[in-house]
Amino acid sequence: MVVGDFPIEVDTLVVGSGPGGYVAAIRAAQLGQKVTIVEKDTIGGVCLNVGCIPSKAMISVGHRFVDAQNADAMGITAKSVELDFSKAMKFKESVVSKLTGGVSGLLKGNKVETVAGEAYFVDANTVRVMTEDSAQTYKFNNVIIATGARPVEIPSFKFTDRVINSTGALNLKELPKKLVVVGGGYIGTELGSAYANLGSEVTILEGADDILAGFEKQMTQIVKKGLKKKGVEVVVKASAKGVEETKDGVVVTYEAKGEEVKIEADYVLVTVGRRPNTDEIGLEGLGLNMTDRGLIEVDKQCRTNVPNVYAIGDIVEGPQLAHKASYEAKVAAEAISGEKSEVDYMAIPAVCFTDPELATVGLNEKQAKDEGYDVVSGKFPFAANGRALSLDATEGFVKLVGRKEDGLLLGAQIVGENASDMIAELGLAIEAGMTLEDISMTIHAHPTLGEISMEAAEVALGKPIHMMTK
Ligand SMILES: Cc1cc2nc3c(=O)[nH]c(=O)nc-3n(C[C@H](O)[C@H](O)[C@H](O)COP(=O)(O)OP(=O)(O)OC[C@H]3O[C@@H](n4cnc5c(N)ncnc54)[C@H](O)[C@@H]3O)c2cc1C
């Protein structure tokens with residue numbers, strides 16, 4: 001039955017409640033707007049439900065499991081360490097539901113009206129929101145589109161119960177004995193690594209000549225060493241050809257070094273990219289400028305070529321990352337409210353939660369040189385830091401890249417324990433226009449991993465205390 005349809009008028013409509021949409025809705029409401037947010041699935045979007053958060057929960061479970069079995073060097077021998085996979089999944093679910101419940105509470109607390117249903121654009125001021133048995137028209141002054149992205153499906157690997165995407169991998173009922181991952185980007189490598197820590201035998205097939213494109217080779221080498229240590233086989237320049245399902249598993253065929261190889265597994269996880277959700281929401285009639293990849297073109301205020309239509313997150317250019325979506329969300333909400341906010345992507349961090357973690361912000365050395373900078377750089381190893389030693393986490397380094405003439409910090413790369421948290425200081429330093437000297441003269445608590453950044457700055461300046469210079 002379709003319920004009778006008097007349009008509901010709203011000030012600002014937000015479509016999608018991921019880290020883009022819900023943040024935009026809250027900020028717009030804080031600025032005094034009457035906001036309605038439409039979500040067709042679960043509040044929190046990919047990030048909270050089937051992305052960043054559940055994957056990190058699974059990664060943490062893997063770390064606890066591995067640590068419990070490998071504390072010998074510290075004098076701890078666990079007699080029997082067992083994994084209850086369904087309990088691990090329940091832990092993951094509890095983390096997700098705490099956060100999604102929290103976001104729902106925040107939306108309510110900020111008087112944002114939440115509407116469940118699928119939004120379909122009629123024109124640049126109207127959407128229809130449909131559920132299974134109803135449809136309602138909404139008229140809005142401004143809209144922020146934040147519909148996110150979904151896994152790319154390749155024809156030779158159609159998704160099934162055994163041929164899974166990241167959502168499937170985060171919702172398995174059993175621990176795979178053997179898992180093949182097609183695609184060695186950050187999602188495939190993180191999940192492959194987590195399952196290896198939990199006890200699965202993992203093979204990663206990557207088409208390019210290295211995994212984790214976007215991170216420097218000197219960083220990915222260390223992750224590859226870590227993967228090898230946990231028994232993960234990484235096959236690069238491998239072309240995944242197809243998959244056959246057997247009674248209780250799959251046989252994946254790939255080609256590498258001119259040979260065709262067949263590999264049996266319980267599941268094959270396909271993570272070869274994510275396509276923007278811009279193709280099935282009625283945008284055709286709006287006349288928006290789009291890229292060839294289906295991304296919506298926006299200006300520095302996240303405004304499209306149609307002045308009352310804004311777009312943020314995974315559906316616009318740039319890295320598909322939650323913190324980028326939330327950043328754009330604040331800018332778009334403020335722009336709609338008449339503020340002068342604009343995006344500046346100089347210091348977007350990117351993190352990969354592998355073992356050890358990778359993190360980068362700003363420019364790496366090559367990028368800085370390519371942009372015409374005369375650079376100076378400094379690299380300091382975790383192995384020479386007291387805290388890293390006491391954590392038994394000595395793999396990795398911090399590298400800082402500065403402008404030669406004045407030491408202005410241009411970028412930072414970290415591979416090592418807790419790189420994901422350490423990168424924040426360096427992002428802030430770039431944002432604040434700080435120099436290598438500023439970092440080296442900032443008092444860092446001792447003994448902490450943060451000191452490695454200070455020491456890397458000293459190396460770049462040619463005056464390290466805890467390292468001999470030639
Ligand atoms: C396994 C995995 C791990 C990840 N890990 C990280 C990480 O560690 N760090 C990080 O920064 N990023 C990570 N990401 C990426 C991150 O999840 C995305 O970049 C982020 O969620 C994008 O936010 P968004 O708001 O643009 O879209 P989404 O989070 O995708 O939210 C979009 C929402 O819009 C809804 N929607 C779509 N169409 C409609 C419609 N027509 N009507 C109503 N609602 C609609 C969807 O249901 C969805 O809830 C990960 C992704 C995956 C898959």
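Residues numbered from 1 in each chain as written. Predicted model: local features only at pLDDT ≥ 70, side-chain atom pairs only at ≥ 80, totals over all residues. Heavy atoms only, no water.

Going by an unreviewed UniProt entry, the protein carries the name Dihydrolipoyl dehydrogenase and comes from Sporosarcina ureae. Regarding the protein, the relevant UniProt record gives this comment under Catalytic activity (unreviewed entry): "N(6)-[(R)-dihydrolipoyl]-L-lysyl-[protein] + NAD(+) = N(6)-[(R)-lipoyl]-L-lysyl-[protein] + NADH + H(+)". A UniProt comment under Sequence similarities (unreviewed entry) is attached to the protein, and it reads "Belongs to the class-I pyridine nucleotide-disulfide oxidoreductase family." (UniProt positions renumbered as here; feature names shortened; annotations may be inferred.)

The next point concerns the overall build of the protein. Secondary structure assignment for the protein yields 13 helices and 22 strands. Over its C-alpha trace the protein gives a radius of gyration of 24 Å, about what one expects of a compact globule, namely 23 Å for 470 residues. Here the C-alpha coordinates of the protein stretch approximately 75 × 60 × 45 Å along the principal axes. Counting all 470 residues of the protein, 51% fall into the buried class. Within the protein, counting contacts between residues at least 6 apart in sequence, those at least 24 apart form 63% of the total. Counting every atom, the protein has about 22,400 Å² of accessible surface; 52% of that belongs to carbon and sulfur. Across the protein, 48 positive and 65 negative side-chain charges occur, with their mean positions spaced 3 Å apart. (Helix = DSSP H or I, 4+ residues; strand = E, 2+ residues; numbered from the N terminus. Rg over C-alpha atoms; globule rule 2.2 N^0.38 Å. Buried < 20%, exposed > 50% of the residue type's maximum accessible area, 1.4 Å probe, protein only. Contact = heavy atoms within 4.5 Å. Areas by Shrake-Rupley, 256 points an atom, 1.4 Å probe, with all protein chains shown as cover. Lys, Arg positive; Asp, Glu negative; His and termini not counted. Charge placed at Lys NZ, Arg CZ, Asp CG, Glu CD.)

Attention shifts here to unusual backbone geometry. A cis amide bond links Asp-355 to the next residue, Pro-356, at an omega of -5°. By secondary structure assignment, the location of Pro-356 is in the loop between strand 18 (350-352) and strand 19 (357-362). A cis geometry characterises the amide bond from His-446 onward to Pro-447, with omega recorded as -10°. Here Pro-447 lies in the loop between helix 12 (436-440) and helix 13 (451-460). A positive phi angle, close to 50°, is found at Lys-257, a residue other than glycine. Among the secondary structure elements, Lys-257 is positioned in the loop between strand 13 (249-256) and strand 14 (259-265). Overall, Lys-257 belongs to the exposed group, its relative accessible area being 87%.

Moving on, we get to the UniProt feature "domain: Pyridine nucleotide-disulphide oxidoreductase dimerisation" (unreviewed entry) in the protein. According to UniProt, the "domain: Pyridine nucleotide-disulphide oxidoreductase dimerisation" (unreviewed entry) feature falls on residues 348-456. A helix fraction of 32% and a strand fraction of 28% characterise residues 348-456, whose end C-alpha atoms lie 20 Å from each other.

With that out of the way, let us pick up the side chain of Thr-354. Within the secondary structure layout, Thr-354 lies in the loop between strand 18 and strand 19. Here the side chain of Thr-354 touches Pro-356 through a polar contact of 2.9 Å, landing on its backbone oxygen. Sequence-distant contacts of Thr-354, that is, excluding residues within four places in its chain, are made with Thr-189, Glu-190 and Val-223. (Polar contact = N/O pair within 3.5 Å; in protein donor to acceptor, adjacent residues only side chain to side chain.)

Turning to its location among the elements, Gly-62 is positioned in helix 3 (residues 52-69). Accessibility expressed as a relative area gives 0% for Gly-62, which makes it buried. Expressed as a C-alpha distance, the spacing of Gly-62 and Asn-197, which sit 135 residues apart in the sequence, is 4.8 Å. The residues contacting Gly-62, other than those within four sequence positions of it, are Asn-197 and Leu-198.

UniProt annotation of "domain: FAD/NAD(P)-binding" (unreviewed entry) refers to residues 11-329 when read in the numbering used here. Taken end to end, residues 11-329 has its terminal C-alpha atoms 16 Å apart, with 30% of it in helix and 27% in strand.

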